[in-house]
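Understanding the architecture of this molecule
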Amino acid sequence: MAGEKPDGKETLGSIMQGTDVNTIANLEAGFATPPEDSRIMMRWWWFGPVIEEEQLDREMLAMKDAGIGGFELAFLYPMHVDDEPQGFRTHRFLSDSFLKRVNFVSRRALELGLRMDVTIGSGWSYGGPTITEDLAAQRLRTEVREVAPGRDGMARPVAYTHEKLVAVLVGKGSKQEMPRSYEVVDISGEGELRLPASEGPRVVVFCFSAPTGQVVKRATIGAEGYVLDHMKRDSIERHLADVGDKLMAAVEPGSVHSIFCDSLEVYGGNWTDGLLEEFRRRRSYDLTPYLPFIEHQIGETSPEIRRDFGRTLAELYEENFLVPMRAWADRHGVHFRIQNYGMPPASITSHRHAGLIEGEGFGWAGIPQTKWASSAGHLFGKPVISSETWTWIHSPSFRATPVDMKGEADQHFLLGINQLIGHGWPYSPPEAGKPGWMLYAAGALSNTNPWWPVMPDLARYLHRASFLLRQGEPAASVGLYAPTHDALGDFEVGTKEYLNLWKQTEIRIGKVIPRAIRNAGFDFDLFDDGTLAEAEARPFACIVLPNVRFLPEDTSRWLQAFAARGGQVVAVGRRPEGAWPGLTLVADEELAAWLPGQVTPDMRLAAPSPDIGFVRRRLSDGDVYFVANTGAKPVQVSARFASAGSHVELWDALHDRRLSVAGPDVALDLPAYGSVFVILRASAGAHVAPAPRALAVRDSKPLQDGWSFAADDGAAHPVKLPHDWSKTPEFVHFSGRGRYVKRVTLDRPLDSAARVVLDFGEAGPYRQELNEHGTIRGNSYAASLTPPLREVAVVRVNGREVGSVFAPPYAIDLTSAWQEGENEITIDVYNTAINLLAEGGRLPDMERLVAHYGQRARLQDLDDLKPLPSGLVTVPTLRILG
């Protein structure tokens, strides 16, 4: 496989997206048959690793059959102790038997046409048994002692193992009133340290470089060890030689598309060898007398010192981790895909070294990591930007359903993502039983879910949407300046956000400003001080400065030049220090009203609809808008779009329909969690039907009686709807297919204009369930509704499949299979695996695992499970429209 171009500017044909589609005519062809490389992927967790070729092959075939385009190998902690007689054989990480199985899946991926990515390591962050203490992550550790007046000496402190004394400082003050200035004590030689004379109380600060002691999280067997120092080139080069080279040597040539680095989680790692010298070279002053300011809030000086300190860490990470990672990937002819956020601080600018940029997290009207990543991707001209999707979806494992998956995926699309990498697919051997293994906290999104028969339909929608959102150019008209200098100055040792530049920037900007931009009818991309040239190439009409205190001179000059060319610049919350005269200032809550008065909105709604979001792509002959309802209630609203195209079409990617509609005011009718592509073009498209007139209801027939029910292939027996099989003792713990069959004869014949629709009813309000903690943990996503059928259905009429139902509107057109006289309706309803899990005895033996391997993970929200409602829990209605 050819390597990437040195400048990192992949062409549309060089990675995932197939043909360069920059016209709507080509878009039409791709809509009908999207290219293979825009399919979703799955993170494939190998636990143990207990893996065998036969099951690996079965799971790859299951992915292929479901419309999944590939996988990312991820090697994690064990889910069963090594027990070969029982079928659980552990293949230690990088052992010959392990690498043999890596080779097997690489060969099969080529044969099946599946994309294969590989995580270069186990768990996260990078590290392992070959990372010695001198290559492991370090931190600055300080000890503060008070010294009585008159003392001019102090015993030299004894460092802990693998620590090094880097500085001793003395200042006038106390622990309660930390000094604002320090003298550097000479630490050369041996013996007692000499202190300057003083008649008042003093503080001595001992500064050590110390190992963080952090080990790799969730490591597989044979991959345990320290997390490496991400600011030390020798560390990553050792890791790549010891781990990366072995993995790449094991795979078939051309089988690996990308190597992957997960989000950065090096907690507290704020030191590296030679840091003082590097700081002096880069910042032009000595950091040593200011080391206490890193950990302690001391007057107004602390933010400035922390800002310079954070900049230095970010630069060292970029130069000593990202650069060698990219170079190594290029040498091996593969792409370098990375979630470039977390700790150490990773700037937007540093994404220039990534081959493929990835984010994670939903929240379309905010700044999750997904927005951080997509903004960087747009700045650096990346046609494809991926996300780790469904990370915490509807806890616990096996609770998520396709409506949850669609709802969250649409939010990722609204955030600028066009490649979904599902989180994830657990490898599970037959010996593990049903429903099988799961990650400690995530969706278990594999064919062990009872609802899996509808996965191809969901995957087809995601495939088509991903393709459409790769075409043309992103067209956000608002640039949101990332105040990273201020964010670096806000770092506080010991806080959860320490060293996380994305998170601290998000906090600095706040929640109101991004939401205001979205509500005003705009999309935005972030940029920072290192991407001004790239930002100039974007179609920004307005730059927003969110709560910015410190603005570098170069950035200030660039902004003034932008304004001189006719662009709008507005400060929100406060003006930057030293801001130029005339810079507009508005309050956070005023921004939504101010923006549309200065710039034409990309999408203007006739009525406020805070759940409606959009993302815009600009083609050479038109515009593509993806519009989604992120809420649990249907929305009907009129919208006007900023486009030169006068012909408007609505493309329904879920149902493969294209309709022409009147403009410029476009009537949008979006069900809960519904979406549509709005195409604006210069001339009418061929083979696009006009939107049909609204059909009146001629007749309605509730279908309550006369049904039979069978669980899987069991015996059928009569039931009356609504029917919840979890309320029946025989089926309380049944997870699988419930088949409902009824024969229906209409009172009068149908004419050619009539439509027959089966309506399952409206979704109800969402109710938390399962355990005392509910099902929403942390940033877990769940669609906030209760479906009228639990959870999905595949519908047949007279033996002919007419489609599936898994998301609003919960209705399906039966006309294509309907015949005169009697008709047989078959509804196969599939629930979740929670009911089976609630029976007990099906989870891994975590106590035994901990006894053998230590505490590597804790299963979350899986205690005291209760069966969920299952089946046709409302009475469907047969409607005759015409």
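Residues numbered from 1 in each chain as written. Predicted model: local features only at pLDDT ≥ 70, side-chain atom pairs only at ≥ 80, totals over all residues. Heavy atoms only, no water.

1. Some details on the overall build of the protein chain
Applicable threshold: Numbering of helices and strands runs from the N terminus, with a helix taken as a DSSP run of H or I at least four residues long and a strand as a DSSP run of E at least two residues long. Radius of gyration: over C-alpha atoms. The globule rule applied is 2.2 Å multiplied by the number of residues raised to the 0.38 power. The classification of residues rests on relative accessible area computed with a 1.4 Å probe and restricted to protein chains. Under 20% of the type maximum is buried, over 50% is exposed, and intermediate values are partly exposed. Any two residues whose heavy atoms approach within 4.5 Å at even a single point are treated as in contact. Accessible areas in this description were obtained via Shrake-Rupley with a 1.4 Å probe; residue shielding takes into account the shown protein chains only. Residues counted as positive are Lys and Arg, residues counted as negative are Asp and Glu, and His and the chain ends are not counted. Lys charges are placed at NZ, Arg charges at CZ, Asp charges at CG and Glu charges at CD.
Tallying secondary structure elements over the protein chain gives 18 helices and 45 strands in all. The C-alpha atoms of the protein chain give 30 Å as radius of gyration, which agrees with the globular expectation for 882 residues (29 Å, within 12%). Projected onto the principal axes, the alpha-carbon positions of the protein chain cover approximately 105 × 75 × 50 Å. Counting every position in the protein chain, which comprises 882 residues, the buried fraction comes to 62%. A separation of at least 24 residues holds for 79% of the contacts in the protein chain among residues at least 6 apart in sequence. Total accessible area computed for the protein chain in this model is approximately 33100 Å², and 49% of it derives from carbon and sulfur atoms. Side chains of the protein chain carry 92 positive and 113 negative charges; the gap between the two charge centres is 2 Å.

2. Overview of a negative patch on the surface
Rules: Like charges are joined within 9 Å and nonpolar side chains (Val, Leu, Ile, Met, Phe, Trp, Tyr) within 5 Å, but only among residues with over 30% relative accessible area and no salt bridge; these make up the patches. We count a salt bridge whenever a side-chain nitrogen from Lys or Arg sits within 4 Å of a carboxyl oxygen from Asp or Glu.
Taken together, the side chains of Glu-133, Asp-134, Asp-234 and Glu-237 present a region of like negative charge at the surface. Considering the arrangement of structural elements, one finds Asp-234 in helix H4 (residues 233-250). Residue class for Asp-234 comes out partly exposed when judged on its relative accessible area of 48%.

3. Some thoughts on the sheet that holds strand E5 (residues 138-147)
Note the threshold: Two strands pair under a simple rule: DSSP has to find at least two bridges between them. Here an angle of 0 to 180 degrees is reported between the N-to-C directions of two axes, which are lines fitted to C-alpha atoms, with helices fitted over the stretch in contact.
In space, the 4 strands of this open sheet follow the order E5-E10-E7-E8, with antiparallel pairing throughout. At either end of the open sheet lies a strand with only one pairing partner, and these are E5 and strand E8 (183-185). On average, adjacent strands in this sheet sit at an angle of 25° to one another, irrespective of strand direction.

4. Here we look at the sheet that holds strand E14 (residues 335-339)
Spatial strand order, E1-E2-E3-E12-E14-E16-E17-E18: 8 strands in a closed barrel with parallel pairing. Within this sheet the neighbouring strands show an average axis-to-axis angle of 30°, counted without direction. Bridge analysis of strand E17 (residues 385-389) against strand E18 (residues 419-426) gives 4 bridges, and the strand direction is parallel. Paired with Glu-388 across the two strands is Ile-421, which belongs to E18.

5. Quick word on the packing of helix H2 (residues 53-65) against helix H3 (residues 96-112)
Selection rule: Working rule for angles: under 35 degrees goes down as roughly parallel, over 145 as roughly antiparallel, 65 to 115 as roughly perpendicular, anything else as oblique. Each helix crossing is assigned a hand: it is left-handed if the near helix lies turned anticlockwise from the far helix by less than a right angle, otherwise right-handed if that turn is clockwise.
Across the interface, H2 lies against H3 with an axial gap of 10 Å and an inter-helix angle of 30°. Considering the angle they form, H2 stands roughly parallel to H3. The hand of the H2/H3 crossing is right-handed. Across from Glu-53, Leu-56, Asp-57, Met-60, Leu-61 and Lys-64 in H2, the residues of H3 making contact are Lys-100, Arg-101, Phe-104, Val-105, Arg-108, Ala-109 and Leu-112.

6. Remarks on the confidence of the model for the protein chain
The cut-off we apply is this: What pLDDT reports is the predictor's confidence in each residue, on a scale of 0 through 100.
Per-chain confidence: the protein chain averages 94 in pLDDT, with 96% of residues scoring 70 or above. Note on residues 1-20: pLDDT under 50 across the span, and 55 contacts to partners over four residues away in sequence or across chains.

7. Describing the packing of aromatic side chains
Worth spelling out the cut-off: Here the aromatic set is Phe, Tyr and Trp, taking the six-membered ring for Trp, and pairing holds for ring centres within 6.5 Å; pairs whose planes are under 30 degrees apart are stacked, those over 60 apart are edge-to-face, and all others are tilted. Two conditions define a charge sitting above a ring: the NZ of Lys or the CZ of Arg must be within 6 Å of the ring centre, and it must be within 35 degrees of the ring normal.
Summed over the entire model, instances satisfying the criterion amount to 36 aromatic pairs. Here the aromatic rings of Phe-75 and Phe-98 are separated by 5.1 Å at their centres, their planes lie at 75°, and the arrangement is edge-to-face. Of this pair, Phe-75 sits in strand E2 (residues 70-76) while Phe-98 is found in helix H3, placing the two residues 23 residues apart along the sequence. Three or more aromatic residues link up through ring pairs in this structure, and these residues are Trp-44, Trp-46, Phe-71, Phe-75, Phe-93 and Phe-98. The cationic tip of Arg-307 hangs over the ring face of Phe-550; the distance from NZ or CZ to the ring centre is 3.9 Å. Seen from the ring of Phe-31, Arg-464 lies directly overhead, with NZ or CZ sitting 4.9 Å from the centre.

8. A few points about helix H7 (residues 301-331)
Quick note on the threshold: The length a helix should cover is 1.5 Å for every residue beyond the first. The seven residues ending at a residue and the seven starting there each receive a fitted axis; the angle between those axes is the bend at that residue.
With 31 residues, H7 extends 45 Å from end C-alpha to end C-alpha; this agrees with the ideal 45 Å at 1.5 Å per step. Of all the bends in H7, the greatest measures close to 30° and is centred on Glu-318. Most of H7 is tucked away: 22 of the 31 residues are buried. Phi turns positive, to about 70°, at Gly-333, one or two residues after H7.

9. Structural notes on the side chain of Arg-549
Along the polypeptide, Arg-549 turns up in the loop between strand E22 (542-546) and helix H15 (553-564). Leaving out residues up to four positions away in the same chain, Arg-549 has contacts with Pro-303, Glu-304, Asp-486, Arg-508, Arg-574, Pro-576 and Glu-577.

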